[in-house]
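Single-letter residue listing:
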Amino acid sequence: MTAANSVQTAKPPEQAYKIEIDSLNQSFSVRGEGRKQKQELIVLEGFNLSVSEGEFITVVGPSGCGKSTLLDIIAGLSRPKAGSIYIDGKKISGPALDRGFVMQQYALLPWRTVSRNIELGLEVKGVPRKIRAEISRKYIDLVGLRGFEKSFPHELSGGMRQRVAIARSLAYDPEVLLMDEPFAAVDAQTRGVLQDELMRIWEETQKTIIFVTHSIEEAALLADRVVVMGTHPGRVKAIVKVDLPRPRNSAQMNTSSDFIWIRNRLWELLQSDAPPGRALPEAAETGQDVADEIAPDAVL
Ligand SMILES: Nc1ncnc2c1ncn2[C@@H]1O[C@H](COP(=O)(O)OP(=O)(O)OP(=O)(O)O)[C@@H](O)[C@H]1O
Ligand SMILES: [Mg+2]
């Protein structure tokens with residue numbers, strides 16, 4: 001057994017966490033099929049997670065399990081039905097500049113240039129114009145967009161727009177970066193470049209990141225820990241620790257046996273949410289009881 005696949009079931013010792021998600025419940029009132037009466041759709045139930053300062057967390061789970069709902073709540077954009085989120089021990093009550101949000105759909109303002117999009121959060125903070133321009137230049141360099149300061153979003157490719165969105169959320173220096181499938185809309189090659197850039201930026205800036213993705217490769221590549229969510233209702237099904245050395249590189253990872261082991265484990269955990277009859281090959285071969293590993297507090 002390698003360091004990458006050691007199994008612990010104990011919780012880490014008590015410590016001050018950057019983010020604490022405590023017993024989060026979320027539900028929505030929806031109209032059921034063919035029914036006139038509304039019913040309550042439970043999306044998240046008893047969701048707990050503690051994230052250390054500077055940690056890179058990725059979240060995977062079946063479509064509709066509540067990943068975006070979770071990020072919206074952490075961002076303060078929606079309120080949970082029950083439970084709390086603490087940042088540095090303080091309960092959040094709405095959106096704030098301590099958290100940056102990068103969404104799948106860029107959410108850039110089409111009438112603003114790259115520079116002025118990046119300056120947005122700084123304007124909200126009341127930072128003077130000259131300093132705003134300096135900070136904007138720094139982040140344009142960081143994401144590799146020098147020369148495009150005066151371009152408008154419609155003049156950029158999807159990957160470039162996503163870089164602007166990342167630069168914008170970093171520019172006002174949030175401590176926590178929330179990213180909801182930020183690279184889903186770009187081609188595979190651009191995705192690799194953006195993944196490598198994000199890891200470099202994260203190492204340079206020491207942000208705490210929660211990153212949602214549908215790609216198990218991306219989840220394993222980026223993370224210190226991967227949160228695997230189960231569905232109906234959305235909850236933490238397992239947490240997989242990724243003990244691969246850093247700096248990592250998207251191209252090299254595919255040949256690392258530890259990386260492949262982690263990727264396969266994530267795949268198995270996600271498959272076990274699939275309808276009965278789907279095989280769990282590795283568990284069957286090794287005789288491991290997957291059900292034991294997927295206890296909510298298990299760290300795989
Ligand atoms: N405002 C809302 N009103 C009613 N239902 C909602 C609302 N927001 C989300 N839902 C429902 O909550 C569930 C979880 O949605 P969510 O967008 O969080 O899933 P997800 O895990 O991000 O899925 P995907 O991987 O497809 O992005 C879905 O069934 C969705 O229909
Ligand atoms: Mg989503």
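Look above for the structure.
Residues numbered from 1 in each chain as written. Chains lettered and ligands numbered in written order. Predicted model: local features only at pLDDT ≥ 70, side-chain atom pairs only at ≥ 80, totals over all residues.

### Structural notes on the overall build of the protein chain
Let me state the cut-off plainly: Helix and strand assignments come from DSSP, with helices taken as H or I runs of at least 4 residues and strands as E runs of at least 2, each series counted from the N terminus. Contacts here follow a simple rule: the backbone-placed C-beta atoms of the two residues must lie within 7 Å.
What the protein chain contains, in helices and strands, is eleven helices and ten strands. Of the contacts made within the protein chain by residues no fewer than 6 positions apart, 71% connect residues no fewer than 24 positions apart.

### Brief notes about the sheet that holds strand 4 (residues 82-87)
Rules: Each pair of strands is called paired provided DSSP finds at least two bridges between the two strands. All axes are obtained by fitting lines to C-alpha atoms, using only the stretch in contact for helices, and the reported angles, taken between N-to-C directions, cover 0 to 180 degrees.
In space, the four strands of this open sheet follow the order 2-1-4-5, with antiparallel pairing throughout. What marks the edges here is a single partner per strand, and that holds for strand 2 (38-51) and strand 5 (90-91). As judged from the ten bridges shared by strand 1 (residues 19-31) and strand 2, these two strands associate in the antiparallel manner. Bridging across to strand 2, Val30 finds its partner in Gln39. Set on the sheet, helix 1 (residues 67-75) makes contact with strand 1, strand 2 and strand 4; between it and strand 2 the angle comes to about 65 degrees.

### Details of the packing of helix 5 (residues 158-171) against helix 6 (residues 188-205)
Selection criterion: Small angles under 35 degrees read as roughly parallel and large ones over 145 as roughly antiparallel, with 65 to 115 read as roughly perpendicular and the rest as oblique. Crossings are classed by handedness, with left-handed meaning an anticlockwise turn of the near helix from the far one by less than a right angle and right-handed meaning a clockwise turn. Classification used: nonpolar for Ala, Val, Leu, Ile, Met, Phe, Trp, Tyr, Cys and Pro, charged for Asp, Glu, Lys and Arg, polar for all others including Gly.
For the pair helix 5 and helix 6, interaxial distance at closest approach is 11 Å and the crossing angle is 15 degrees. It follows from the interaxial angle that helix 5 and helix 6 lie roughly parallel. The chirality of how helix 5 crosses helix 6 is right-handed. Residue-level inspection shows Gly159, Gln162 and Leu170 of helix 5 in contact with helix 6, the latter providing Thr190, Leu194, Ile201 and Thr205. Its residues placed into classes, the contact of helix 5 with helix 6 shows three nonpolar, four polar and no charged.

### Digging into the sheet that holds strand 6 (residues 99-102)
Reading across the sheet, the six strands line up as 6-7-8-3-9-10 and stay open at both edges, with mixed pairing between neighbours. Edge positions in the sheet fall to strand 6 and strand 10 (235-241), since each has one partner strand and no second. The average angle at which neighbouring strand axes cross in this sheet is 20 degrees, direction not considered. Examined bridge by bridge, strand 7 (residues 176-180) and strand 8 (residues 208-212) share five bridges and lie parallel to one another. Paired with Val176 across the two strands is Thr208, which belongs to strand 8. Sheet contacts for helix 5: strand 6 and strand 7; angle to strand 6, the most-contacted strand, approximately 175 degrees.

### Description of unusual backbone geometry
Note the cis peptide between His232 and Pro233, where omega equals -5 degrees. You can see Pro233 is positioned in the loop between strand 9 (225-230) and strand 10. Look at the link from Arg246 to Pro247: it is a cis peptide, with omega at 0 degrees. The residue Ser23 is not glycine, and still its phi comes out positive at about 50 degrees. Along the polypeptide, Ser23 turns up in strand 1. Within the secondary structure, His232 is located in the loop between strand 9 and strand 10.

### Some words on the site of ligand 1
Formally: Any residue whose backbone-placed C-beta atom lies within 6 Å of a molecule or strand is treated as near that molecule or strand.
All residues adjacent to ligand 1 are Phe28, Val30, Leu41, Val43, Gly61, Ser63, Gly64, Cys65, Gly66, Lys67, Ser68 and Thr69. Elements with a contribution of two residues or more to the shell around ligand 1: strand 1, strand 2 and helix 1. Among the elements that line the shell around ligand 1, the one with the most residues is helix 1, at three residues. Here the residues of the shell around ligand 1 are counted per class, giving five nonpolar, six polar and one charged.

### Details of the packing of helix 4 (residues 129-142) against helix 5
The interhelical angle for the contact between helix 4 and helix 5, taken along N-to-C directions, is 135 degrees, at an axis separation of 9 Å. Judged on the interaxial angle alone, helix 5 and helix 4 are oblique. Seen along the crossing, helix 4 lies across helix 5 with a hand that is right-handed. On helix 5, the residues that touch Ile135, Ser136, Tyr139, Ile140 and Leu142 of helix 4 are Ala167, Leu170 and Ala171. Class assignment for the residues of the contact of helix 4 with helix 5 results in seven nonpolar, one polar and no charged.

### What about the nonpolar core?
The criterion, for reference: Here a nonpolar core is just a set of buried residues of the types Ala, Val, Leu, Ile, Met, Phe, Trp, Tyr and Cys, joined wherever their C-beta atoms sit within 7 Å. Backbone-placed C-beta atoms define the burial measure: a residue is buried with 20 or more other C-beta atoms within 10 Å of its own, exposed with 12 or fewer, and partly exposed in between.
In this structure, Val226, Val228 and Leu266 are the most contacted members of the largest nonpolar core, which totals 68 residues. No other element matches helix 5, which puts seven residues into this core. Not counting residues up to four positions away in its chain, the partners in contact with Val228 are Val60, Gly61, Lys237, Ala238, Val240, Leu266, Leu269 and Leu270.

### Regarding helix 4
Here is the rule: To estimate how far a helix should extend, the number of its residues minus one is multiplied by 1.5 Å. Along the arc lie the directions from the helix axis toward the C-beta atoms.
Taking 1.5 Å per residue as the helical rise, helix 4 with its 14 residues ought to reach 20 Å, and the 20 Å between its terminal C-alpha atoms agrees with that figure. When helix 4 is considered as a whole, its buried residues turn out to be Arg132, Ile135, Ser136, Tyr139 and Ile140. The buried residues of helix 4 all sit within an arc of 140 degrees when viewed along its axis, so they share a single face. In helix 4, those exposed residues whose orientation departs by more than 90 degrees from the buried face are Lys130, Ile131, Glu134 and Asp141. Where helix 4 is buried, its residues touch helix 2 (114-118), helix 3 (120-125) and helix 5. One or two positions beyond helix 4, positive phi appears at Gly144, with a value near 70 degrees.

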